[in-house]
Amino acid sequence: MINLIPSNKKAELRAARTNVILVRYIVMILLALIFILGAMYVTRTVLGFTKANSESIIASNETKADIYSSTKAEVESLSASLTETKVLLDQEIRYSKVFVNIAQQMPEGTIFEKLTLDSASFAGTPITTKVYAKTSANAVSLREQFEKSPMFAGVSFQAISESGSTVEGYPVSVDITFTLTRVAAQ
């Protein structure tokens, strides 16, 4: 087959084909640009609605928070008050419990003449008192019990007398010195 078309026409046909291809590419680029702009518009609209919805939720939550702010302040005040009360209750000494704990440490056959306790008794101030015992062995057992117990510190006998007791049935009298620890109040 012989091509009889003049060369200038051939060049024009090639240019026309190239123009058609370029027009197609331009149309495709414009369609892609329109699609991208449309997607951006839809995204912006959805984000705008989401933002407006979130702002309304935040506003309603702030209103609710304002309603409960006075309650929160009262709760914090009550909590602080309870903390102070707990500190005071932790420092409270139940003397009835202390006397029971001391009595549990005393061996059979021993009694106190008099035992006076106050807040200084738990602050490291030594307590000196008189104890009566039925036998010297009971008095020694009392000292050993007090020394073993975590409720007492610095246990010592000052004087032991086997004939100076004024309590019937308890001929041995002992002057004893000891310091109470916080364990005695628990």
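Look a little higher up for the structure.
Residues numbered from 1 in each chain as written. Predicted model: local features only at pLDDT ≥ 70, side-chain atom pairs only at ≥ 80, totals over all residues. Heavy atoms only, no water.

Draft legend 1. Just helix 3 (residues 136-148), in detail. Taking 1.5 Å of rise per residue, the 13 residues of helix 3 would be expected to cover 18 Å, and the 19 Å separating its terminal C-alpha atoms lies within 8% of that figure. Turning to helix 3, its buried residues number three or more, namely Asn-138, Ala-139, Leu-142 and Phe-146. Summarising the axial view, the buried residues of helix 3 lie within an arc of 100 degrees, below the 170-degree limit, and thus occupy one face. Counted as exposed and oriented over 90 degrees from the buried face of helix 3: Ala-137 and Lys-148. Of the surrounding secondary structure, the elements contacted by the buried residues of helix 3 are helix 2 (95-105), strand 1 (110-112), strand 2 (127-133), strand 3 (152-161) and strand 4 (172-180). (Helix = DSSP H or I, 4+ residues; strand = E, 2+ residues; numbered from the N terminus. Expected span 1.5 Å × (residues − 1). Buried < 20%, exposed > 50% of the residue type's maximum accessible area, 1.4 Å probe, protein only. Arc of directions from axis to C-beta. Contact = heavy atoms within 4.5 Å.)

Draft legend 2. Representation of helix 2 in the model. Of all the positions in helix 2, only Val-98, Asn-101, Ile-102 and Gln-105 are classed as buried. Mapping the buried residues of helix 2 onto a view down its axis gives an arc of 100 degrees, with all of them on the same face. Exposed and facing more than 90 degrees away from the buried side of helix 2 are Ser-96 and Gln-104.

Draft legend 3. Structural detail: the nonpolar core. Among the nonpolar cores identified, the biggest contains 22 residues, and Ile-102, Phe-112, Phe-146, Phe-152, Ile-176, Phe-178 and Leu-180 are the most heavily contacted of them. The element contributing the most residues to this core is strand 4, with five residues. Setting aside anything within four residues of it in sequence, one finds Phe-146 in contact with Ile-102, Gln-105, Met-106, Phe-112, Phe-152, Val-155, Ile-176 and Phe-178. (Core = buried A, V, L, I, M, F, W, Y, C linked by side-chain atoms within 4.5 Å.)

Draft legend 4. Inspection of the side chain of Thr-129 at higher detail. Note on placement: Thr-129 falls in strand 2. Residue classification places Thr-129 among the buried residues on the basis of a relative accessible area of 8%. Separated by 2.4 Å, the side chain of Thr-129 and the backbone oxygen of Lys-114 make a polar contact. (Polar contact = N/O pair within 3.5 Å; in protein donor to acceptor, adjacent residues only side chain to side chain.)

Draft legend 5. Inspection of the packing of aromatic side chains at higher detail. As enumerated under the stated definition, the model contains one aromatic pair in all. Ring geometry for Phe-146 against Phe-178: centres 5.5 Å apart, planes inclined by 85 degrees, an arrangement best described as edge-to-face. Taken together, the residues Phe-146 in helix 3 and Phe-178 in strand 4 connect sequence positions 32 residues apart. Considered together, Phe-146 and Phe-178 belong to a single accessibility category, that of buried residues. (Phe/Tyr/Trp six-rings, centres within 6.5 Å; stacked < 30°, edge-to-face > 60°.)

Draft legend 6. Broad picture of the sheet that holds strand 3. Pairing within the open sheet is antiparallel, and its four strands lie in the order 1-2-4-3. Strand pairing shows two members of the sheet lacking a second neighbour, strand 1 and strand 3, which therefore form its edges. Neighbour to neighbour, the strand axes of the sheet diverge by 30 degrees on average, direction disregarded. Sitting on the sheet, helix 3 touches strand 1, strand 2, strand 3 and strand 4, and the angle it makes with strand 3 is about 165 degrees. (Pairing = 2+ DSSP bridges. Axes fitted to C-alpha atoms, helices over the stretch in contact; angles between N-to-C directions.)

Draft legend 7. Quick look at the pattern of salt bridges. All told, the structure shown has two salt bridges when counted by the stated rule. As a salt-bridge pair, Asp-175 and Lys-130 come within 3.4 Å of each other at their nearest N and O atoms. Of this pair, Asp-175 sits in strand 4 while Lys-130 sits in strand 2, placing them 45 residues apart in sequence. Residue Lys-130 is classed as partly exposed on the basis of its relative accessible area of 25%. Salt-bridge contacts for Glu-147 lead to Arg-143; the nearest nitrogen and oxygen are separated by 3.7 Å. Pair noted here: Glu-147 and Arg-143 are both in helix 3, with a separation of four residues, about one helical turn. (Salt bridge = Lys/Arg side-chain N within 4 Å of Asp/Glu carboxyl O.)

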